[in-house]
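Analysis of the macromolecular model
Now for the letters of each chain:
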Amino acid sequence: MVEKQTRDAARGPGRPREERVTRAVLDAVLALVAEQGMNALTMDAVAVRAEVSKPAIYRRWPTKQDLIIAAAESRVGPLSIPDLGDFRAELRAVLTARVEVYRTPGMDRLIAEVLSAAADPGAGRSAYQAYINRVMGETGRILERGIVRGDVRSDTDVRAAATMVAAPLVFRLVAEQELPDSHLVESVVELVGRAVGVQH
């Protein structure tokens, strides 16, 4: 019994180590992309940068696409916006949080690579769709909350409106190759507000 306790103490708690490895790997992905571009992103390079073994990476992310999506979600992940009493204020909070992340070095390359998973006919496509559903979930909830509250039109197509909210920032970043900013945030809030907001 004493010997087992000694082994367990030497090994330490499992979860904190798992979390450290995960964080180190995802940080390594983002650093490599920011510094050297997507061509530098190999499992070998990530393992060296994160100071972990390749098997440790593959246990968590079986494919490179899984790893890229996980790295993106570690920065552009689900949000939780409190009820601010106004759907425009809540959309502004979502967009402001996204802009802050999109403006970090390397995010344009990483997001472009994540988007390419949408064209993957295999498992990459389903992983991408699951990621998008998680990322856009809060915008949908904000719009639905607005319908219940009465400041979003009851006939609003929530999915279409959520796309209207998310797409401009990503398009500006990836297609137009410019960093989204607060001016774009205000423009999107205004346009979406006109489209689905209840006019008093």
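Relevant structure appears above.
This structure is a prediction, so every number in the text was calculated from the model and none was measured.

1. Describing the layout of surface pockets
Of the volumes computed, that of the largest pocket is approximately 610 Å³. Around the largest pocket, the lining is made up of 27 residues, and of these Tyr128, Ile132, Met136, Thr163 and Ala166 lie nearest the centre. Elements represented by at least two residues in the lining of the largest pocket include exactly α6 (87-102), α7 (107-116), α8 (123-149) and α9 (158-174). Per-element accounting of the lining of the largest pocket gives the leading share, 10 residues, to α8.

2. A closer look at the environment of Ile69
Relative to the assigned elements, Ile69 resides in helix α5 (residues 64-75). Classification of Ile69 by relative accessible area gives buried; the value is 5%. Placed 106 residues apart in sequence, Ile69 and Ala175 show a C-alpha to C-alpha distance of 19 Å.

3. A few points about the pattern of salt bridges
For the structure on display, the rule yields 14 salt bridges. For Arg60, the salt bridge is made with Glu18, and the minimal N-O distance between the two is 2.9 Å. Of this pair, Arg60 sits in helix α4 (residues 54-60) while Glu18 sits in helix α2 (residues 14-36); the two residues are 42 residues apart in sequence, bridging distant segments of the chain. For Arg60, a relative accessible area of 21% puts it in the partly exposed group. Relative accessible area serves as the criterion here: at 43%, Glu18 is assigned to the partly exposed category. Here the salt bridges do not stand alone but share partners, grouping Asp83, Glu90, Arg145, Arg149 and Asp151 into one network.

4. Considering the nonpolar core
In this structure, Val25, Val46, Ile57, Leu67 and Leu110 are the most contacted members of the largest nonpolar core, which totals 56 residues. Residue assignment for this core shows that the elements contributing at least two residues are α2, α3 (43-50), α5, α6, α7, α8, α9 and α10 (182-196). If you tally residues by element for this core, the top one is α2, at eight residues. When neighbours within four sequence positions are excluded, Leu67 is seen to be in contact with Val25, Leu26, Val29, Met43, Val46, Ile57 and Trp61.

5. Digging into the side chain of Thr139
Turning to its location among the elements, Thr139 is positioned in helix α8. What Thr139 contacts, discounting residues up to four positions off in sequence, is Leu91, Val94, Ala162 and Val165.

6. So, the packing of α6 against α10
Two numbers describe how α6 lies on α10: the axes approach to 10 Å, and their chain directions differ by 145°. In this structure, the crossing between α6 and α10 has a hand that is right-handed. Contact with α6, carried on its side by Phe87, Arg88, Leu91, Arg92, Leu95, Thr96 and Val99, involves Val185, Glu186, Val188, Val189, Val192, Gly193 and Val196 of α10 and no other residues of that element. In terms of residue class, the contact of α6 with α10 is built from nine nonpolar, two polar and three charged.

7. Section: the side chain of Arg98
For Arg98, the position within the fold is in helix α6. There is no salt bridge for the buried Arg98, and the closest opposite charge comes from Glu73, which lies 8.5 Å off by N-O distance. Beyond its immediate stretch of four places on either side in the chain, Arg98 contacts Val76, Gly77, Pro78, Leu79, Val135 and Leu169.

8. A word on α10
In this model α10 runs 21 Å from its N-terminal to its C-terminal C-alpha over 15 residues, within 8% of the 21 Å that 1.5 Å per residue would give. Along α10, the positions that sit buried rather than exposed are Leu184, Val185, Val188, Val189, Val192, Gly193 and Val196. Along the long axis of α10, the arc covered by the buried residues comes to 165°, so they all point the same way. With respect to the buried face of α10, the exposed residues turned more than 90 degrees away are His183, Leu191 and Arg194. Put simply, Asp181 is the residue that caps the front of α10, since its side-chain oxygen is 3.2 Å from the backbone nitrogen of His183.

9. Things to note about a positive patch on the surface
A cluster of like positive charges, contributed by Arg17, Arg20, Arg23 and Arg59, occupies part of the molecular surface. As for its position among the elements, Arg20 is in helix α2. On the basis of relative accessibility, which here comes to 46%, the residue Arg20 falls in the partly exposed class.

Rules of the game
Residues numbered from 1 in each chain as written. Predicted model: local features only at pLDDT ≥ 70, side-chain atom pairs only at ≥ 80, totals over all residues. Heavy atoms only, no water. 1 Å grid on protein atoms, 1.4 Å probe; cavity = no way out; pocket = protein on both sides within 12 Å on 5 of 7 lines; lining within 4 Å. Points joined across faces, edges and corners; volume = space filled by probe spheres on them. Helix = DSSP H or I, 4+ residues; strand = E, 2+ residues; numbered from the N terminus. Buried < 20%, exposed > 50% of the residue type's maximum accessible area, 1.4 Å probe, protein only. Salt bridge = Lys/Arg side-chain N within 4 Å of Asp/Glu carboxyl O. Core = buried A, V, L, I, M, F, W, Y, C linked by side-chain atoms within 4.5 Å. Contact = heavy atoms within 4.5 Å. Axes fitted to C-alpha atoms, helices over the stretch in contact; angles between N-to-C directions. Left-handed = near helix turned anticlockwise from the far one by under 90°. Nonpolar A, V, L, I, M, F, W, Y, C, P; charged D, E, K, R; others polar. Lys, Arg positive; Asp, Glu negative; His and termini not counted. Expected span 1.5 Å × (residues − 1). Arc of directions from axis to C-beta. Polar contact = N/O pair within 3.5 Å; in protein donor to acceptor, adjacent residues only side chain to side chain. Patch = residues over 30% accessible without salt bridge, like charges linked within 9 Å, V, L, I, M, F, W, Y side chains within 5 Å. Areas by Shrake-Rupley, 256 points an atom, 1.4 Å probe, with all protein chains shown as cover. Charge placed at Lys NZ, Arg CZ, Asp CG, Glu CD.

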